[in-house]
Amino acid sequence: MASAAEQMAANLSWGTLGKATDLRHRIFFTIGLLIVYRLGTYIPVPGIDAAALRNFMEQAQTGLGGILTMFTGGALGRMGVFALGIMPYISASIIVQLLVAMIPSLQGLKKEGEAGRKKINQYTRYGTVALAIFQAWGLAVSLEAGGLVADPGMFFRVACVITLVGGTMFLMWLGEQITARGIGNGISLIIFVGIIAEVPAALARFLSQGRSGAVSPAVIIGVLLMVVLVVAFVVFMERALRKIHIQYPRRQVGMKVYDGGSSHLPIKVNPAGVIPAIFASSLLLLPTTIATFSGGQTGPVMSWLLAYFGPGQPLYMLFFAAMIVFFAYFYTANVAFKTDDVADNLKNQNGFIPGIRPGKKTEEYLTYVVNRILVLGSAYLVAVVLLPEILRFQMGIPFYFGGTSVLIVVSVTMDTISQVQSHLLAHQYEGLIEKSQLRGKRRNGTARKGGTIRR
């Protein structure tokens, strides 16, 4: 027998969406800010030699330049004001979360509730500014070294740094506004829109290679079929759950005795979602970005990094896989599924796992279960992320849609749809409550009007 919530979810339609005024305003607000983001990717950084940049990107489009352009929504390829994207903010979030896990004073700040969370967010913003300045300066120097600047010099470097840092801070503000007043996670949606915007151009280049004979039709069909299978696999794994049985004892409230109940505690196979892949990608993106625009004029350290840790190299993929596994465990333990908080909540609600004592034993059992689940979850992330890397660099197949991009697109789509459904269900519940109140008022009014008064 389906529950009432499941029956209401099955009855959702476009008519229900038209009646949900608040949800409609949230959707329009989100779309409007995302349009602003896309327009900003076409506003160029002052001082860039447009002809030289265009020629350079046409040559680099089939290699690393195409990957970087897709991941930044085309802003890096056009050197727009959003060329750094949202990656400095993500990198700052990584650093702050690592510090929170290691420094006791920050741990105490995290336990202070909303005030502590605001303070940590403020530290993250400061870190974003520092990282954005560092990355913007490196990118400005690399542009000068690559001969892509019309008038090189200190004035260009300062103007480039101010423009790129301002663009990153504006993107961070856009993401926060979408999260607070729109629908979905703002930061994830910004990355999602940037990836989707570049997919048609990448697909057109891929198909044009088939028409020119550079790629056989069998390879094209195989790659498209593989994309469909990978998307289906990601959807299946993102919806996979491990349910833990929870039992609630019989309790007495006043003179009434309530029977005990049971429920399930769902644990996702991949509790961290796409965050580990984004974190790992952000750590590996900066050296390749600088090397791409430096025109081959790299120092010995950068040359060594590109030789052994460049995209497609065995050490690069090994480091990429290790970072994904590390962030999968780290983000799950500190943010996505904190076993100590879950154990405390179950204890406060008088719930327990059959055969497991409440409190510390429950926390240890949940940690054991989550760690075993994450073996499968992190392996799934590594497989999806590294498969396109192997096809692109080891087998020579021009596959532009990376595994991280697939994870972001599928995960953000599923999360946004679930939030839209939650808003629609809340709207339906509000409608049912209003109808029941109106019926109650009408019945009471009729009884007062037609009923007899007894004394």
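Everything below is about the structure shown above.
Just so it is clear, the model here is predicted, and its values are computed rather than measured.

Rules and cut-offs
Residues numbered from 1 in each chain as written. Predicted model: local features only at pLDDT ≥ 70, side-chain atom pairs only at ≥ 80, totals over all residues. Heavy atoms only, no water. 1 Å grid on protein atoms, 1.4 Å probe; cavity = no way out; pocket = protein on both sides within 12 Å on 5 of 7 lines; lining within 4 Å. Points joined across faces, edges and corners; volume = space filled by probe spheres on them. Helix = DSSP H or I, 4+ residues; strand = E, 2+ residues; numbered from the N terminus. Nonpolar A, V, L, I, M, F, W, Y, C, P; charged D, E, K, R; others polar. Domains from an automatic or database assignment. Salt bridge = Lys/Arg side-chain N within 4 Å of Asp/Glu carboxyl O. Buried < 20%, exposed > 50% of the residue type's maximum accessible area, 1.4 Å probe, protein only. Contact = heavy atoms within 4.5 Å.

**Q** Let's hear about the layout of surface pockets: which residues, and what values?
**A** As a volume, the largest pocket reaches approximately 1900 Å³. Taken together, 46 residues line the largest pocket, and the ones lying closest to its centre are Asn185, Ser188, Ile275, Tyr331 and Asp415. Sorting elements by how many residues they give to the lining of the largest pocket places helix 18 (residues 403-450) first, with eight residues. A class-by-class count of the residues in the lining of the largest pocket yields 21 nonpolar, 15 polar and ten charged. Here the lining of the largest pocket spans two domains, and each of domain 1 (20-213) and domain 2 (215-434) adds at least three residues to it. Approximately 400 Å³ is the volume attributed to the second largest pocket. The class makeup of the residues in the lining of the second largest pocket is seven nonpolar, six polar and five charged.

**Q** Requested: an account of the pattern of salt bridges, with residues and values cited.
**A** Applying the stated criterion across every chain, the model contains six salt bridges. The salt bridge partner of Lys268 is Glu238, with a shortest N-O separation of 3.7 Å. Highlighted residues: Lys268 in strand 4 (residues 262-268) and Glu238 in helix 12 (residues 217-239), separated in sequence by 30 residues. The residue Lys338 makes a salt bridge to Asp341 at a minimum N-O spacing of 3.8 Å. Exposure remark for Lys338: the relative accessible area of 25% places this residue in the partly exposed category. According to the relative accessible area criterion, Asp341 is partly exposed, its value standing at 34%.

**Q** Go over unusual backbone geometry with me, naming the residues and quoting the values.
**A** The residue Asn350 is not glycine, and still its phi comes out positive at about 60°. Within the secondary structure, Asn350 sits in the loop between helix 16 (339-348) and helix 17 (360-394).

**Q** So what's going on with the side chain of Thr124? Residues and values would help.
**A** Among the structural elements, Thr124 can be located in helix 9 (residues 114-145). Judged by relative accessible area, which is 6%, Thr124 ranks as buried. When residues no more than four places from it in sequence are discounted, the contact partners of Thr124 are Tyr89, Ala92, Ser93 and Val96.

By themselves, these observations are geometric and do not establish any function.
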